[in-house]
Amino acid sequence: PPRARGPDPEPPPAPRGASGAMSILIPIYGVDEAVEVPLDALPSDAGDVIDLLKGETASLDHWLRCALAYYVRGDVEAFKQVLSESLEIPEDIFPDSKTDRVGLVTALANHNVHCAAASTDRPRRVWDAASQLFSRADAVDYSDPRIWTGRGFMSLYRNDLDKARSHFEQALRTGPLRPLALLGKACACYRLGSHAEALRLFKQLMCVCRDPPPGLRLGLGLCYAKLKQPALARRCFARALELDPEDRAAAIALAVSEASDGDDPEAVRAGVERLAKLYAEDPTDANVLNHLANHAFYRRDFDTVGALRRKAYEHSAAPQVRAESCFHQARVLHAQGQWTGAQQFYAEAINLAPNFHLAQYGLAQVLVHEGELPSAATALARALKAAPDSPPVLKLLGHVHTELGQQDDAMRHLKQLTVVAPDDPDAWCMLA
């Protein structure tokens, strides 16, 4: 699924100094003059900038601009140092600067969210620190949409998708249209299985962004792929690559789309070759490793599946990617008739990504084999919630309800199956 980058503060553009470089003009306290600070030449010691900002009682937006300048040049420690010092400024010094104060607090909160999301073990203390900072911003101005947007991305990273969508919707209700909140909602909808709604939101983003980034076309393509419009999906992926040849996500998506085209052997060959090239460029890319594992599974090369999926798991912190790695191992064990092991890995995949309907479906198959039909029905109900029109899920759910003597439920699901798969003779036979 598309990964949304978390929100950054949005300060007004800095003026250009005499040299043409971006700079900040910090008014000198008590006189009608200012100190010009070039953003591309900030001192390596953030303490010098902090002393200047404190000495001239610089406004909060100057603190934020200096912090962001350090962040842009990769000096994260200086970024954090400037922000931490700014949060110590008493509110009564700038009582009318709520917007700037919220910007400072949410900048540090969003940084903590990024750190926690990028960490393999996802330390709870970092999530807690981000949550506390968002609560602190709430105390300044509860209605600021940047707080809701930041909370939305934190929920998105933590796989709490319903809460994420709710936060993004609140951000969109509490102020002017914010592209980041719209992007977050689109990603949440995609991962919740609402692909048509996600497509609508990505299209809206293409219209409201003056210079839409290539990654938006990746989101469009992924939605088209889920909506079974592969030609449009490939056009989006190819256009994203044309605009940004270094976009690995678009390259992976295009490769997978080609490799999944069972009607065109040449496309399959081109897709696999593209994946092999991406693997050669970066043998630690977890997404590529998982897709190669999927290809190896259909070749029944189970040893290769195990090696690739373990490597993918080790090199990713994203729960969805790790869930897919567990799913591949579960399928191998399932295919080999190792039911207990398969059940354990399906359960681990679901624990990492509760909306992963393929893992729920696989778990249900194992439970049916073990004779645990009520538990299988529960797993299938969850799978159906994530993929409402999945023919395999509907078919197995109809069978399970029939075996349990729940004829009305079986009829309801089988009737739905004949609507979504009218050419499937098994659907009609089961219904009859």
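Everything that follows concerns the structure shown earlier in this document.
Residue numbers restart at each chain and count upward from 1, following the sequence in its written direction. Whole-chain, interface and lining totals are the exception, using all residues; otherwise, since this is a predicted model, local features are given only for residues with pLDDT of at least 70 and side-chain atom pairs are given and counted only at 80 or more. Water and hydrogen atoms play no part in the side-chain values, which are based on all heavy atoms of the structure.

Points about the overall build of the protein
Working step 1: Counting from the N terminus, the helices are DSSP H or I runs at least four residues long and the strands are E runs at least two residues long. Each helix and strand counted, the protein has 22 helices and two strands in total.
Working step 2: Accessible area is worked out with a 1.4 Å probe on protein chains only. A residue is then buried under 20% of its type maximum, exposed over 50%, and partly exposed in between. Counting over 432 residues, the protein shows a buried share of 49%.
Working step 3: Nonlocal contacts in the protein, meaning residues at least 24 apart in sequence, comprise 51% of its contacts between residues at least 6 apart.
Working step 4: The protein chains shown are the only cover counted for residues, whose accessible areas, like all others here, come from Shrake-Rupley with a 1.4 Å probe. Summed over all atoms, the accessible surface of the protein reaches about 21100 Å², with 51% contributed by carbon and sulfur.
Working step 5: Neither His nor the chain termini are counted; the positive set is Lys and Arg, and the negative set is Asp and Glu. Note on charges: their place is set at NZ of Lys, CZ of Arg, CG of Asp or CD of Glu. Taken as two groups, the 47 positive and 56 negative side-chain charges of the protein have centres that lie 4 Å from each other. Any two residues whose heavy atoms approach within 4.5 Å are treated as being in contact.

Some thoughts on helix H4 (residues 98-118)
Working step 1: The length a helix should cover is 1.5 Å for every residue beyond the first. The terminal C-alpha atoms of H4, which comprises 21 residues, lie 30 Å apart, in line with the 30 Å expected from a rise of 1.5 Å per residue.
Working step 2: Taken across its 21 residues, H4 has 16 buried, putting it largely inside the fold.

Some remarks on the environment of leucine 172
Working step 1: One can find leucine 172 in helix H7 (residues 161-173).
Working step 2: Sequence separation of leucine 172 and arginine 146 is 26 residues, and the distance between their C-alpha atoms is 9.9 Å.
Working step 3: If we ignore the near neighbours within four places in the chain, the residues touching leucine 172 are Leu177, Arg178, Ala181, Leu182 and Lys185.

Notes on the packing of helix H3 (residues 76-86) against H4
Geometry of a packed helix pair, given as the angle between the helix axes and the separation of the axes.
Working step 1: A fitted line through C-alpha atoms serves as each axis, taken over the contacting stretch for helices, and the angle formed by two N-to-C directions is quoted from 0 to 180°. At a closest axis distance of 9 Å, the pairing of H3 and H4 adopts a crossing angle of 140°. When the axes of H3 and H4 are compared, the pair comes out oblique. Note on packing geometry: the crossing formed by H3 with H4 is left-handed. For the pair H3 and H4, the contacting residues are Val76, Phe79, Lys80, Leu83, Ser84 and Ser86 in the first and Leu104, Ala107, Leu108 and His111 in the second.
Working step 2: For this scheme, ten residues count as nonpolar: Ala, Val, Leu, Ile, Met, Phe, Trp, Tyr, Cys and Pro. Four count as charged, namely Asp, Glu, Lys and Arg, and the remainder, Gly too, count as polar. Residue composition of the contact of H3 with H4, grouped by class: six nonpolar, three polar and one charged. By definition in this entry, angles of less than 35 degrees are roughly parallel, angles greater than 145 are roughly antiparallel, angles of 65 to 115 are roughly perpendicular, and the rest are oblique. Crossing handedness is defined as follows: a turn of the near helix away from the far one that is anticlockwise and smaller than a right angle gives a left-handed crossing, while the clockwise case is right-handed.

Re unusual backbone geometry
Working step 1: The phi dihedral of asparagine 159 falls on the positive side, at around 70°, and the residue is not glycine.
Working step 2: Its place among the elements puts asparagine 159 in the loop between helix H6 (145-157) and H7.
Working step 3: The residue lysine 228 is not glycine, and still its phi comes out positive at about 60°.

As for the packing of aromatic side chains
Working step 1: Stacked, tilted and edge-to-face pairs are distinguished by plane angle, under 30 degrees for stacked and over 60 for edge-to-face with tilted covering the rest, among Phe, Tyr and Trp rings (Trp via its six-membered ring) whose centres lie within 6.5 Å. This model, assessed by the stated rule, comprises seven aromatic pairs.
Working step 2: When the ring of tyrosine 71 is compared with that of phenylalanine 79, the centres are 4.7 Å apart and the planes differ by 55°; the resulting orientation is tilted.
Working step 3: Residue classification places phenylalanine 79 among the buried positions, given a relative accessible area of 3%.
Working step 4: Between phenylalanine 153 and phenylalanine 168, the aromatic rings sit 5.0 Å apart at their centres with planes inclined by 75°, giving edge-to-face as the arrangement. Of this pair, phenylalanine 153 sits in helix H6 while phenylalanine 168 sits in helix H7, and the two are 15 residues apart along the sequence.

Re H3
The α-helix winds at 3.6 residues per turn, so residues separated by three or four positions along the chain end up facing the same way.
Working step 1: Every buried residue of H3 is accounted for by Ala78, Phe79, Val82, Leu83 and Ser86. For H3, the arc enclosing every buried residue in end-on projection is 130°, short of the 170-degree limit, so these residues lie on one face.
Working step 2: Against the buried residues of H3 lie helix H1 (46-55), helix H2 (60-72) and H4. Think of it as the arc spanned by the lines of direction from the helix axis to the C-beta atoms.

A closer look at the pattern of salt bridges
Working step 1: Only one rule defines a salt bridge in this text: a Lys or Arg side-chain nitrogen within 4 Å of an Asp or Glu carboxyl oxygen. Tallied over the entire structure, the rule returns 18 salt bridges.
Working step 2: For arginine 274, the salt bridge is made with glutamate 258, and the minimal N-O distance between the two is 3.2 Å. Placement of the pair is arginine 274 in helix H13 (residues 265-281) and glutamate 258 in helix H12 (residues 248-259), with a sequence separation of 16 residues.
Working step 3: Taking relative accessible area as the criterion, glutamate 258 reaches 11% and is therefore assigned buried.
Working step 4: A network of salt bridges, in which partner residues are shared, links Arg248, Glu281 and Asp285.

Here's the deal with the nonpolar core
Working step 1: In terms of nonpolar packing, the biggest core is built from 55 residues, with Leu156, Phe202, Leu205 and Phe237 touching the most fellow members.
Working step 2: In terms of residues, this core owes the most to one element, helix H8 (residues 179-191), which gives eight residues.
Working step 3: Put simply, a nonpolar core is a bunch of buried Ala, Val, Leu, Ile, Met, Phe, Trp, Tyr and Cys residues held in one set by side-chain atoms that sit within 4.5 Å of each other. One finds Leu64, Val82, Ala107 and Leu108 within the second-largest nonpolar core, a separate group that totals 44 residues.

Focus on the environment of aspartate 160
Working step 1: As for its position among the elements, aspartate 160 is in the loop between H6 and H7.
Working step 2: Linking aspartate 160 and alanine 188, residues 28 residues apart in sequence, is a C-alpha distance of 9.1 Å.

Focus on the side chain of serine 257
Working step 1: Take serine 257: it is sitting in helix H12.
Working step 2: The buried category is assigned to serine 257, whose relative accessible area is 15%.
Working step 3: Residues contacting serine 257, with those up to four places away along its chain left out, are Pro230, Arg234 and Phe237.

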